[in-house]
Amino acid sequence: MFTVKNAAIAGFVLIAIIIGFDIYLAADTIRGNTWSEMMRAFSFKSPAAPWAWGGLGGHFFHQWIPKFPLEHTSNVVLLIWLSVLVMMIGHSLYMRGSYLPPMVVFFVAFFVWSTLWPV
């Protein structure tokens, strides 16, 4: 039977396998093949990864300001449009030989998501 306890155990085992495999990849002689190195290289090509991680971080942290008054479905639509806008800006900059700095994208996403979609 699938319970919350079984799901937590399965999640822990999955995370342990992922971390173990990443350690194995870090120990071999091939450079740049771990998931973190590939994610870092990808974040200079597209703002998708730092936007997603910043969004998750902002969503799960408590706000330092009172809750935003728009606590309904318009926030989801606004977040989707902002995500599309950031991806379009990032793609157009990449096509021109530039990029959005990943840390800037991360912190903007952290602030936007914590404001529009708090826990």
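Described in the following lines is the structure provided in the data block. Computed from a predicted structure; not experimentally measured.

Some details on the overall build of the protein
- The secondary structure content of the protein amounts to five helices and zero strands.
- Of the regular secondary structure in the protein, the N- to C-terminal order runs α-α-α-α-α.
- The buried share among the 119 residues of the protein stands at 25%.
- Pairs at least 24 residues apart make up 76% of the contacts formed inside the protein by residues separated by at least 6 positions.
- With an accessible surface of roughly 8,800 Å², the protein has 77% of that area assigned to carbon and sulfur atoms.

Quick word on the packing of aromatic side chains
- One pass over the full model with this rule turns up five aromatic pairs.
- Measuring from ring centre to ring centre gives 5.0 Å for Phe-44 and Tyr-99, while their planes differ by 80°; the resulting arrangement is edge-to-face. In this pair, Phe-44 sits in the loop between α2 (35–43) and α3 (48–60) while Tyr-99 sits in the loop between α4 (73–95) and α5 (102–116), placing the two residues 55 residues apart along the sequence.
- Residue Phe-44 is classed as partly exposed on the basis of its relative accessible area of 29%.
- The class of Tyr-99 is partly exposed, set by a relative accessible area of 41%.
- One aromatic cluster in this structure is built from Phe-21, Tyr-24 and Trp-35.

Quick look at the side chain of Ser-43
- Its place among the elements puts Ser-43 in helix α2.
- Classification of Ser-43 by relative accessible area gives buried; the value is 9%.
- Among the polar contacts listed, one links the side chain of Ser-43 to the backbone oxygen of Arg-40, at a separation of 2.7 Å.
- Discounting residues that sit within four places of it in the chain, Ser-43 has contacts with Pro-50, Leu-100 and Pro-102.

Here we look at the nonpolar core
- Formed by Trp-51, Leu-79, Val-86, Val-105, Ala-109, Val-112, Trp-113 and Leu-116, the largest nonpolar core amounts to eight residues.
- Within the residue set of this core, elements represented by two or more residues are α4 and α5.
- Ranked by the residues each element gives to this core, the list is headed by α5, at five residues.
- Once residues within four sequence positions are removed from consideration, Val-86 is found in contact with Pro-47, Trp-51, Leu-100 and Val-105.

Brief notes about the environment of Ala-48
- As for its position among the elements, Ala-48 is in helix α3.
- Between the C-alpha atoms of Ala-48 and Val-84, which are 36 residues apart in sequence, the distance is 9.7 Å.

A few points about a nonpolar patch on the surface
- A grouping of Leu-14, Ile-18, Phe-21, Tyr-24, Trp-35 and Met-38 is seen on the molecular surface, where their side chains present a nonpolar patch of about 610 Å² in accessible area.
- For the nonpolar patch, the elements supplying multiple residues, two or more each, are α1 (4–27) and α2.
- At four residues, α1 tops the list of elements feeding residues into the nonpolar patch.
- We classify Ile-18 as partly exposed; its relative accessible area is 36%.

The rules behind these values
Once a new chain begins, its residue numbering starts again from 1 and follows that chain's sequence as written. In view of the model being predicted, local features appear only for residues whose pLDDT reaches at least 70, and side-chain atom pairs are presented and counted only at 80 or more, with totals across whole chains, interfaces and linings using the full set of residues. Values reported for side chains reflect all heavy atoms of the structure, with hydrogen atoms and water molecules removed beforehand. What counts as a helix is a DSSP run of H or I of at least four residues, what counts as a strand is a run of E of at least two, and both are numbered from the N terminus. A 1.4 Å probe rolled over the protein chains alone gives each residue an accessible area, and that area as a share of the maximum for its type sets the label: buried under 20%, exposed over 50%, partly exposed in between. In what follows, residue pairs with any heavy atoms lying within 4.5 Å of each other are defined as contacts. Accessibility throughout is a Shrake-Rupley quantity obtained with a 1.4 Å probe, and a residue counts as covered only by protein chains that appear here. Centres within 6.5 Å are what make two rings of Phe, Tyr or Trp a pair, Trp counting through its six-membered ring; a difference in plane orientation under 30 degrees is then read as stacked, over 60 as edge-to-face, and the rest as tilted. Polar contact criterion, stated in full: a pair of N or O atoms within 3.5 Å, where within protein one must be able to donate a hydrogen and the other to accept it, and residues adjacent in sequence count only if both atoms are side-chain atoms. Put simply, a nonpolar core is a bunch of buried Ala, Val, Leu, Ile, Met, Phe, Trp, Tyr and Cys residues held in one set by side-chain atoms that sit within 4.5 Å of each other. Here the term patch refers to residues with relative accessible area over 30% and no salt bridge, with like charges joined within 9 Å and nonpolar side chains (Val, Leu, Ile, Met, Phe, Trp, Tyr) within 5 Å. Should a side-chain nitrogen of Lys or Arg be within 4 Å of a carboxyl oxygen of Asp or Glu, the pair is scored as a salt bridge.

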